[in-house]
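Examination of the molecular architecture
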Number of protein chains: 2
Amino acid sequence: MNTKRNIYLDMKSIEEAQACLFDAFKDHITDVETLDVVRAKERVLASQAVAAISSPNFHAAAMDGIAVEAEDTFGASEDSPKTLEIGKTAFWVNTGHALPGGTNAVIMIEHLNVDGDSIEIEAPAFPWQYVRKMGEDIVATQLLFPRDHQINAYSMGAMLSGGVFQVEVRKKPRVLIIPTGSELKQWQDCSPGTMVPGDVVESNSTVLGALCEDHGAEFRIHTMLRDDLETIKKSVADAVSGGYDMVMIIGGSSAGSEDFAKPVISSLGEVYVHGVTMMPGKPVMFGRIADTPVFGIPGYPVSAIVAFEQLAGPLLRRMQHLPDKPLPTAGVTPARKVASKLGQEEFLRVKIGSVDGKLMSSQLPRGSGSITTLTEADGIIRIPRHVEGISETETVQAHLLRPLDAIEKTVVITGSHDNTLDLLTDQVRQNHPRTGISSSHVGSMGGLMAIKKGACHMAGSHLLDPEDGSYNVSYIEKYLAGIPVRLVNLVMREQGLILPKGNPEKIGGLEDLAAGKLQFINRQPGSGTRILLDYKLKELGLSPNDIAGYENDEYTHMSVAVAVLSGRADTGLGIKAAALALGLDFLPVVTESYDLIIPETYYRSANIQALLETVRSDEFKARVLALGGYGVEKTGEELYRSA
Amino acid sequence: MNTKRNIYLDMKSIEEAQACLFDAFKDHITDVETLDVVRAKERVLASQAVAAISSPNFHAAAMDGIAVEAEDTFGASEDSPKTLEIGKTAFWVNTGHALPGGTNAVIMIEHLNVDGDSIEIEAPAFPWQYVRKMGEDIVATQLLFPRDHQINAYSMGAMLSGGVFQVEVRKKPRVLIIPTGSELKQWQDCSPGTMVPGDVVESNSTVLGALCEDHGAEFRIHTMLRDDLETIKKSVADAVSGGYDMVMIIGGSSAGSEDFAKPVISSLGEVYVHGVTMMPGKPVMFGRIADTPVFGIPGYPVSAIVAFEQLAGPLLRRMQHLPDKPLPTAGVTPARKVASKLGQEEFLRVKIGSVDGKLMSSQLPRGSGSITTLTEADGIIRIPRHVEGISETETVQAHLLRPLDAIEKTVVITGSHDNTLDLLTDQVRQNHPRTGISSSHVGSMGGLMAIKKGACHMAGSHLLDPEDGSYNVSYIEKYLAGIPVRLVNLVMREQGLILPKGNPEKIGGLEDLAAGKLQFINRQPGSGTRILLDYKLKELGLSPNDIAGYENDEYTHMSVAVAVLSGRADTGLGIKAAALALGLDFLPVVTESYDLIIPETYYRSANIQALLETVRSDEFKARVLALGGYGVEKTGEELYRSA
């Protein structure tokens, strides 16, 4: 196997890379085309729009009534009214109509005493009353919009009113996206039923194409290419001579032996930057071939997006003179301390919730391979290069991915993970479209701590008290003393050993793990399931050291089930629903109470009442039962209320 | 002429009208259609998206290097390295590749000593290091997005990765827009050169169509209809049976004799609301025909937009379960007091500038006929029904129409109006794309007062001192004492009498106005031009009472020229450029200095330096001279600096 590797040029900071990119292609402004105004929404004016006609282009009645010459009405009063004759000194007009010649005022119909063709008025009209004067809105020759104005619905109206029916606008930049990677398959060639381990669906080209559109560009996706230098080189050379305004090679931008973006660009043209001190997105590169900007976009989905949004996207906007579109920001407080690496700027994805009027953020996983960290995120905190992390007392700016308004209407649930929370999220959306739910999974103890810190509206918890077999109450009394809360049951659920289909190792109970031959997969410290395991091991007289794999942990039931499915572990403790979802076997150990802990301060709020109403609905209960492994006999019941 | 009129039903508040509308059509949710994910951007999920495959769906290398079984490496150290054999205990892998069976860890290529097929390692690997475990991002059966999620670029990526290639989404609502009005012409039938007074270009249908798209709907524009009850009735009846989700009749929603929206809706169905206590937009109406919502949208452009955005637009969003999209807001301080009518909610269009870190707003004209009040606006202040106005000491919330970021980069010029300011705006855009200019016209004295209040960055001024014939300096010393400013010349310009083409009344100078037979059009008090007029009248021994029309005033030179062009006045004092622009005659009276007054605090700022650089450029001067009526001999020169 070839072990020849590229070497990163000097890494650049984001600002340096942007400056280099924008300068190198500063003259790459797209051509001008002429469009009908009615087809030009969102386009950028290439020349100023100047009114060709005035609006109105005549004196127009601004009310329904009669048009008169004001001088004819002077002296009219209640004591000595004046009489006007229709067709001679008074003319019926409707709003918008041109004033008849010789008239210069309108009297509202509401103020008239009509008697056949005679009209009596008891007050004078002043000149130009209720008249929209010629040019009142737009004067012919007036500048309507300067060049570089981005056309929207309102500006289309102003241009038509000003007699501007065609406009010169910037052409949309055309982008060719070339996905590469021998391990990838096009979605058109995949079907979920027949995919085998090792098949990966190529998704970056779709995401980048959609982002191109969001930045005013057009895109075409090239047939996917295998990791072959000559093939990629030929496609890029064709694209460059085919008149594209930008080429993006996805994948192979790193320094591995099959990373061909760099040899392609450097053999056909020049590489300007390889490597930017940001995370995700570090391996991005760009250069020039002939006169075309060519990007090497890293293959991890979040890296690809960050690389696009920091470099390729802003360049596409500059090509059309579109201003950058910064995300709105808001100050947030991290629910816990965040460490970060010196020397690289990190794009930390966070969930954000408004708790007691304060925006609290909790960080999502940092892996650049996980697209769901972006789809789950409410915002992004950029941690600068020279900073080592952020503390939980600081307020930092987050770039918002969802409207603040929606974030503020969201119930933040932190704590233990359960599949019925997804179901509840969907059902609440249906019953109460204005209420959202955001849940993050930090284990039952993590949920209690979040309530204590005021970092969530409620916590999901199933903490067993080994003394009396009760759930949650003793923990609330111990850890949340002084914070009045209510405890409401969400579901009863079965916990047990998740086993490979057919139970090949014939595991009959936790005690079979003691031999040390079987690999266990654990849950993280502080999770209710781990506390349950420790309790059960103690009952059996076993210690953690007796269990191979005790130290390997996962954060959700589903991850435990996946570990078993993939052969990474022989068994793990988890809920029946997770085993059923992946077609695995299940050996029950205990039925436990999974409850919601809700501080009294939020209990009465409309959002939380909406959520509880849904919890208590027959529809929700029926959907829970359909999952299997759950009981709903106490669902929605208040189990306890602290003083 | 027919004087039969409709009568408004009880007027409703915006909230009442919305409640009535949303309740009446709460079951009008559009049908479901199935689309490829790659075609579903911005659509709304009609059912939840559940992952069909895991991502990754195998254990994948997260680094380039060798895959090993961690247990084979245990015990390796610098003192006792271990040797692995390629193809037996070590396997080359690149990032993203599946781990070969029997391996569970990756050692980075950077940490290897390779010697042929032997590899020496000096540290153990721990299990699962540099491995992306199966399901790390997405677990099969996991809820990816709940129903009603609006699909964006990121979510397309997550769905493809999770094996979701088709989705059920809400169909786009289909809207039929019917423009009515005998006075209107379709833009396709107009050409600026041949339009005659009385011709009005129909623009509302284009604006409302574009807004429909912005709210996720599709639209079709019906051929324009004349004000004829039976024709409109037939078209609406056809539309309703043709399966449109909404019909909008534009025009004729008021209470005039040719307002047919109400008779059409009430004869074919039922009117629910006619008249909403908002301004603009009051005459809006809506009802139901068969099962279709039908709107009567007022014909004034700003009324039409407000009516759409408060009622029809939000209903279109509800039909697709799209959340409302509120505009961002910011606190602004009005530069002067704003009065408003009790009993109706006003949508006040304002320009906003950031001066000294504080957002200052200045109101635009309030007429609902003026689309430019919306295109010029940076924001909208909603003045509630129960409030009589807002004072200049209050901070009120404005809904922003431009990004705050762009507003903050804008130089705010208040004061006298001159055509070269439009030209400067365009030229600055070209030379300094990140700098904007916003100018509002309140006269020279208004500009001085704005500087005193800190409501602008600079003021345009041409205030003549009758004592010595100087411009601006004595006013600065009198009114801006204690505020250090610089005075920079923008242009020298000719002021004089603007006259109809051919000068039919043979006007030879201001003295000819004294007879009182000729109608004059004046500029507003506090404008430099009015001060000039008063000075010249005094020189001639004339008083305002000698001039017919002295009390009629306009706010810009162009409006004065339009008044002359339209025959509303025989002459007015103004700049030559305005006369030239409309093909009018011009009789010079004086050459004056039009200057920029710039407070010292802002003078050094990058934006203002960019502006002055442009003022001093040859390109700007050439464009000014091309207008005619201007001199540039002092352009850009600093004329004065106060202590």
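As the structure is a prediction and not an experimental result, all values here were calculated from the model.

A separate point is the overall build of chain A. Counting secondary structure elements, chain A contains 17 helices and 38 strands. Since a compact globule built from 643 residues should have a radius of gyration of about 26 Å, the 34 Å found for chain A marks it as more spread out than a globular shape. Projecting the C-alpha coordinates of chain A onto the three principal axes gives extents of approximately 110 × 70 × 45 Å. Burial analysis of chain A (643 residues in total) assigns 57% to the buried set. Sequence separation of 24 or more characterises 77% of the internal contacts of chain A that already satisfy a separation of 6 or more. Taken as a whole, chain A presents about 25,100 Å² of accessible surface, with 49% of it coming from carbon and sulfur. Here chain A contributes 60 positive and 81 negative side-chain charges, whose respective centroids are spaced 6 Å apart.

The figure often quoted for interface size is the accessible area lost as the parts come together. With 104 residues of chain B in contact, the opposing surface of chain A contributes 104 residues. For the pairing of chain B and chain A, the buried interface totals around 9,000 Å² over both sides, and the portion due to carbon and sulfur atoms is 62%. Put simply, chain B and chain A have eight salt bridges between them. When the shortest N-O distance is used, the salt bridge between K41 of chain B and E213 of chain A registers 3.5 Å. Taken together, chain B and chain A are joined by 26 residue pairs in polar contact (both at pLDDT 80 or more). For the side of chain B that touches chain A, the secondary-structure elements that each account for two or more residues are β11 (143–145), α2 (153–161), β15 (200–201), α3 (204–214), α6 (301–319), α7 (372–375), α9 (419–431) and α13 (557–565) of chain B.

Here the focus is the sheet that holds strand β4 (residues 65–68) of chain B. Residue and element names in this part refer to chain B. Taken together, three strands build an open sheet; the order of strands is β6-β4-β7 and the sheet is antiparallel. Whereas interior strands pair on both sides, the edge strands pair on one side only; in this sheet they are β6 (91–93) and β7 (105–108). Shown here is a sheet whose adjacent strand axes are inclined to one another by a mean of 40°, direction ignored.

With that out of the way, let us pick up the domain arrangement of chain A. Domain boundaries in chain A define domain 1 (14–28 + 173–319), domain 2 (32–55 + 137–170), domain 3 (60–132), domain 4 (329–408) and domain 5 (455–641). Computed from C-alpha coordinates alone, the two centres of domain 2 of chain A and domain 4 of chain A are separated by 41 Å.

Relative to the helices and strands, D227 of chain A is located in the loop between β16 (218–221) and α4 (229–241). In terms of polar contacts, D227 of chain A uses its side chain to reach the backbone amide nitrogen of G181 of chain A, at 3.4 Å.

Another point: the sheet that holds strand β6 (residues 91–93) of chain A. All names here are of chain A. Taken in spatial order, the three strands line up as β6-β4-β7 in an open sheet, and their pairing is antiparallel. Edge strands, defined here as strands with exactly one partner in the open sheet, are β6 and β7 (105–108). Put simply, the sheet's adjacent strands are angled 40° from each other on average, direction ignored. Bridging between strand β4 (residues 65–68) and β7 involves four bridges; their strand directions are antiparallel. Residue G65 lies in a different strand from β7, and its bridge partner there is M108.

Calculation notes
For every chain, the first residue of the written sequence is number 1, and numbering continues from 1 along that sequence. In the order they appear in the text, chains get letters beginning with A and ligands get numbers beginning with 1. Predicted model: local features are reported for residues with pLDDT of at least 70 only, side-chain atom pairs are reported and counted for 80 or more only, and whole-chain, interface and lining totals are derived from all residues. Heavy atoms throughout the structure, all of them, feed into the side-chain values; hydrogens and water do not. Secondary structure follows DSSP: runs of H or I at least 4 residues long count as helices, runs of E at least 2 residues long count as strands, and numbering of each begins at the N terminus. For the radius of gyration, the atoms used are the C-alpha atoms, and the globule rule reads 2.2 Å times the number of residues raised to 0.38. Exposure categories follow from relative accessible area, calculated using a 1.4 Å probe and restricted to protein chains: below 20% of the type maximum is buried, above 50% is exposed, and the middle band is partly exposed. Contacts are residue-level and defined by heavy atoms, with any inter-residue pair within 4.5 Å sufficient. For accessible areas, the Shrake-Rupley method is used with a probe of radius 1.4 Å. Any residue's cover is judged against the shown protein chains and nothing else. Think of it this way: Lys and Arg go in the positive column, Asp and Glu in the negative one, and His and the chain ends go nowhere. By convention, the point assigned to a charge is CZ for Arg, NZ for Lys, CD for Glu and CG for Asp. Put simply, buried area is how much 1.4 Å-probe accessible surface two parts lose in total, over both of them, once they are put together. Every case where a carboxyl oxygen of Asp or Glu lies within 4 Å of a side-chain nitrogen of Lys or Arg is listed as a salt bridge. Within 3.5 Å is the distance limit for a polar contact, defined as a pair of N or O atoms, with the added protein rule that one can donate a hydrogen and the other accept it, and that residues adjacent in sequence qualify only through two side-chain atoms. Two strands are counted as paired when DSSP detects at least two bridges linking them. The convention used is that axes are lines fitted to C-alpha atoms, helices contributing only their stretch in contact, and that angles between N-to-C directions extend from 0 to 180 degrees. A domain assignment, automatic or from a database, supplies the domain bounds used here.

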